[in-house]
Amino acid sequence: MDDLKARHERLLESHHGALCQAAERLLEETAWSLATTALLLRAAGQDRSQVVAVGELGRWIEHLGPDLDAFVRLRRQGVDVGEAYARCRAIEGETFLGAWEGLEGQRPLVSHDDLNQFAVLSQQGFARSPRNLLVVVNWGERVTAFLVACDRQRKRPSPAGTG
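The structure presented is a predicted model; accordingly, all values stated were derived computationally and were not measured.

Colleague: Talk me through the nonpolar core; I want residue IDs and the actual numbers.
Modeller: When a protein is soluble and globular, its nonpolar side chains tend to lie buried together. Core analysis: the biggest nonpolar cluster contains 17 residues, and L12, L19, L39, L41, L133, V135 and V137 have the highest contact counts within it. Counting only elements with at least two residues in this core, the list comes to helix 1 (3–14), helix 2 (16–28), strand 1 (37–42), strand 3 (132–138) and strand 4 (143–149). The dominant element in this core, judged by the number of residues it contributes, is helix 2, at five residues. In this view, V137 contacts H8, L11, L41, R142, V143, T144 and F146; residues no more than four positions away in its chain are not counted. Within the second largest apolar cluster, 14 residues are counted, among which are A38, V52, V110 and F118.

Colleague: An account of helix 2 is needed here, citing residue identities and associated values.
Modeller: A turn of α-helix holds 3.6 residues, and therefore any two residues three or four places apart point the same way. Compared with the 18 Å implied by 1.5 Å per residue over 13 residues, the 19 Å span of helix 2 between its first and last C-alpha is a close match. Listing the buried residues of helix 2 in full gives A18, L19, A22, A23 and L26. Down the axis of helix 2, the buried set is contained in an arc of 130 degrees. They therefore lie on one face. In helix 2, the exposed residues that point more than 90 degrees away from the buried face are G17 and E28.

Colleague: Report on the environment of L115, specifying residues and quantitative values.
Modeller: Locating L115 in the fold gives a position in helix 7 (residues 112–127). Along the chain, L115 and H63 lie 52 residues apart, while their C-alpha atoms are 8.3 Å from each other.

Colleague: Requested: an account of the pattern of salt bridges, with residues and values cited.
Modeller: A complete count under the given rule lists four salt bridges for this structure. Across the pair E56 and R59 runs a salt bridge whose closest N-O atoms are separated by 3.3 Å. Since its relative accessible area comes to 35%, E56 is described here as partly exposed. The salt bridge partner of D114 is R76, with a shortest N-O separation of 2.8 Å. On the criterion of sequence distance, the pair formed by D114 in helix 7 and R76 in helix 4 (residues 69–76) is long-range, its members being 38 residues apart.

Conventions used here
- Residues numbered from 1 in each chain as written.
- Predicted model: local features only at pLDDT ≥ 70, side-chain atom pairs only at ≥ 80, totals over all residues.
- Heavy atoms only, no water.
- Core = buried A, V, L, I, M, F, W, Y, C linked by side-chain atoms within 4.5 Å.
- Buried < 20%, exposed > 50% of the residue type's maximum accessible area, 1.4 Å probe, protein only.
- Helix = DSSP H or I, 4+ residues; strand = E, 2+ residues; numbered from the N terminus.
- Contact = heavy atoms within 4.5 Å.
- Expected span 1.5 Å × (residues − 1).
- Arc of directions from axis to C-beta.
- Salt bridge = Lys/Arg side-chain N within 4 Å of Asp/Glu carboxyl O.

These results come straight from atomic positions and should not be treated as a statement about function.
Right, dumping it as structure tokens:
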């Protein structure tokens with residue numbers, strides 16, 4: 001098992017109650033929308049688990065606005081910061097500059113495109129059988145997202161010593 005998958009598994013185990021709550025809510029939903037249930041986990045700090053709507057993830061994760069998505073795409077393609085800045089400034093002009101200046105002192109973890117990708121992943125999970133829940137993890141320095149089958153909790157044996 002790769003390291004990230006193992007870290008995800010450990011985090012899910014430590015947030016089992018929230019995972020079960022979110023999975024039950026998701027199973028009750030009849031159609032996918034931006035109000036569809038997701039689970040947001042934080043590796044540290046208070047409120048380490050939170051059941052949220054997919055469309056509200058942007059409220060809980062610091063992110064870049066859509067005016068900077070082109071810059072992020074260029075950087076992810078390996079374009080140098082200076083060149084990406086120059087291209088975006090040439091194409092988007094004042095809109096890009098305003099968004100860039102609004103970043104002062106902030107360190108957003110995801111882009112607007114990433115938030116859209118989370119919604120797409122949630123839709124894919126909703127359409128699966130068994131239905132899958134979107135889990136988004138804010139590690140502090142980065143954010144990851146993955147799907148978990150909602151029936152996973154029902155297959156787990158009860159802890160030893162109960163009953």
